[in-house]
Amino acid sequence: QVQLVESGGGLVQAGGSLRLSCAASGSFLRIFMMGWYRQAPGKQRELVAVITNDGSTNFADSAKGRFTVSKDGAKNTVYLQMNSLKPEDTAIYYCNANIRERLNSDSRAYWGQGTQVTVSP
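Notes on the structure in this doc start here. (Residues numbered from 1 in each chain as written. Predicted model: local features only at pLDDT ≥ 70, side-chain atom pairs only at ≥ 80, totals over all residues. Heavy atoms only, no water.)

**As for the pattern of salt bridges**
Two side chains bearing opposite charge may form a pair once their charged atoms approach each other closely. Applying the stated criterion across every chain yields a total of five salt bridges. The shortest N-O distance in the salt bridge between Asp61 and Lys64 comes to 3.1 Å. The partner of Glu101 in a salt bridge is Arg102, with the nearest N and O atoms 3.9 Å apart. Using a relative accessible area of 49% as the deciding quantity, one classes Arg102 as partly exposed. Three or more residues joined by partner-sharing salt bridges are found here, namely Arg38, Glu46, Arg66 and Asp89. (Salt bridge = Lys/Arg side-chain N within 4 Å of Asp/Glu carboxyl O. Buried < 20%, exposed > 50% of the residue type's maximum accessible area, 1.4 Å probe, protein only.)

Shown next as structure tokens:
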């Protein structure tokens, strides 16, 4: 069974930095894309940044210029480097991956349990 395990959240002051990590484990054939979404209280979950297995990236406008997404294919891990953090970045950050488990199965989305990021003014 595929699992996504996140780490790296926490409390930081505005202007600070945090690095999130998410590792995929279990039995699977291929990862097509990994990335990060976030959900603030009272708001819908939204895209932050994603990266495909060929290295293409996509960012939310709010993340451009401040966040970087990268991956280590050998470790099945995706990272989110967040710089110049703002109080409005406060949210639960969820790892997401599009994974094919077996040769004769379709790929599907998997989610991590979420990690809290809190940015104080």
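So, next bit.
**Examining the nonpolar core**
Ranked by internal contacts, the top residues of the largest apolar core, which has 31 residues, are Met34, Trp36, Leu80, Met82 and Tyr93. Mapped onto this core, the elements with two or more residues apiece are β3 (18–25), β4 (30–39), β5 (46–52), β7 (67–72), β8 (77–82), β9 (91–100) and β11 (115–120). The greatest single-element share of this core, amounting to five residues, is contributed by β9. Here Met82 is in contact with Gly16, Ser17, Leu18, Leu20, Arg66, Phe67, Tyr93 and Val117, once residues within four sequence places are set aside. (Core = buried A, V, L, I, M, F, W, Y, C linked by side-chain atoms within 4.5 Å. Helix = DSSP H or I, 4+ residues; strand = E, 2+ residues; numbered from the N terminus. Contact = heavy atoms within 4.5 Å.)

No statement about biological role is implied by the geometric values presented.
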